[in-house]
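# Tertiary structure, described
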Amino acid sequence: VQLQASGGGLVQPGGSLRLSCAASGSIDSIYIMGWFRQAPGKQREMVALISNVGSTNYANSVKGRFTISGDIAKSTVYLQMNSLKPEDTAVYYCNAYIRNQMGWSDYWGQGTQVTVSS
C-alpha cells in the first residue's frame with residue numbers, strides 16, 4: 001500500500017493551501033483517512049480525520065480553519081487549510097487505516113512540507 005501526498009508549499013500568514021492524498025495498492029477497505037503533522041522538535045499530532053461514513057474529527061487548533069473531505073471508497077482525502085498561521089508550519093503526513101490480506105494496519109504517506117511565513 002502506498003499513500004501519495006501532495007500540495008504542500010510556502011504560503012504567507014492568512015493564506016490557503018490544499019493537500020491531497022491518494023492511497024493505492026492492496027486495499028480491501030479503508031476505515032479512516034486523515035492528516036497528522038509534525039513540527040521541528042515536537043511530537044506528531046492529529047490534525048483531521050474522516051471515516052468511511054463521513055464522520056470528521058479535528059484538532060482544536062485547526063477547527064474553523066481547516067476542512068477535511070474526500071471519498072474513502074476511492075481512497076482519496078483532501079485537507080483545505082485556510083487562515084494559515086506560522087504555527088501551522090510542519091511536515092504534514094497522510095494516514096489511513098486499511099484492511100487487506102495482511103489484516104488491518106496503519107499506513108503513512110511520505111510527508112509534505114507546509115511553511116507559513118512572511
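From a predicted model like this one, the values you see are computed outputs, not experimental measurements.

Mapped onto the elements, Glu45 comes out in strand β5 (residues 45-51). As for Glu45 and Tyr93, which are separated by 48 residues in sequence, their C-alpha atoms are 9.8 Å apart. In this structure, Glu45 is in contact with Phe36 and Arg37, ignoring residues within four places of it in sequence. Polar side-chain contacts of Glu45 include one of 2.7 Å to the side chain of Arg37.

Spatially, four strands are ordered β1-β3-β8-β7 in an open sheet, and the strand pairing comes out antiparallel. Unpaired on one side and paired on the other, β1 (2-6) and β7 (66-71) mark the two borders of the sheet. Direction aside, neighbouring strands of the sheet carry axes that sit 15 degrees apart on average. Both β1 and strand β3 (residues 17-24) contribute to a ladder of five bridges, which runs antiparallel. When the sheet's bridge partners are listed, Ala5 is paired in β3 with Cys21.

A word on the packing of aromatic side chains. Inspection of every chain in the model, using the stated rule, returns two aromatic pairs. With a centroid separation of 5.0 Å and an interplanar angle of 70 degrees, the aromatic rings of Phe36 and Trp108 are classed as edge-to-face. Within this pair, whereas Phe36 is found in strand β4 (residues 29-38), its partner Trp108 is found in strand β10 (residues 103-108), the two being separated by 72 residues in sequence. Take Phe36: its relative accessible area is 17%, and that puts it in the buried class. Trp108 sits in the partly exposed class, given a relative accessible area of 37%. Relative to Trp104, the ring of Tyr97 has its centre 5.2 Å away and its plane inclined at 20 degrees; by these criteria the two rings are stacked.

Overall, the coordinates contain one disulfide when judged by the stated rule. The disulfide bridge from Cys21 ends at Cys94, spanning 2.0 Å between sulfur atoms. On the S-S bond that ties Cys21 to Cys94, the torsion sits near -85 degrees, and the link is left-handed. Of the two residues, Cys21 sits in strand β3 while Cys94 sits in strand β9 (residues 90-100), which places them 73 residues apart along the sequence. For Cys21, a relative accessible area of 2% translates into the label buried. Here Cys94 falls in the buried class, since its relative accessible area comes to 0%.

Calculation notes
- Residues numbered from 1 in each chain as written.
- Predicted model: local features only at pLDDT ≥ 70, side-chain atom pairs only at ≥ 80, totals over all residues.
- Heavy atoms only, no water.
- Helix = DSSP H or I, 4+ residues; strand = E, 2+ residues; numbered from the N terminus.
- Contact = heavy atoms within 4.5 Å.
- Polar contact = N/O pair within 3.5 Å; in protein donor to acceptor, adjacent residues only side chain to side chain.
- Pairing = 2+ DSSP bridges.
- Axes fitted to C-alpha atoms, helices over the stretch in contact; angles between N-to-C directions.
- Phe/Tyr/Trp six-rings, centres within 6.5 Å; stacked < 30°, edge-to-face > 60°.
- Buried < 20%, exposed > 50% of the residue type's maximum accessible area, 1.4 Å probe, protein only.
- Disulfide = S-S within 2.5 Å.

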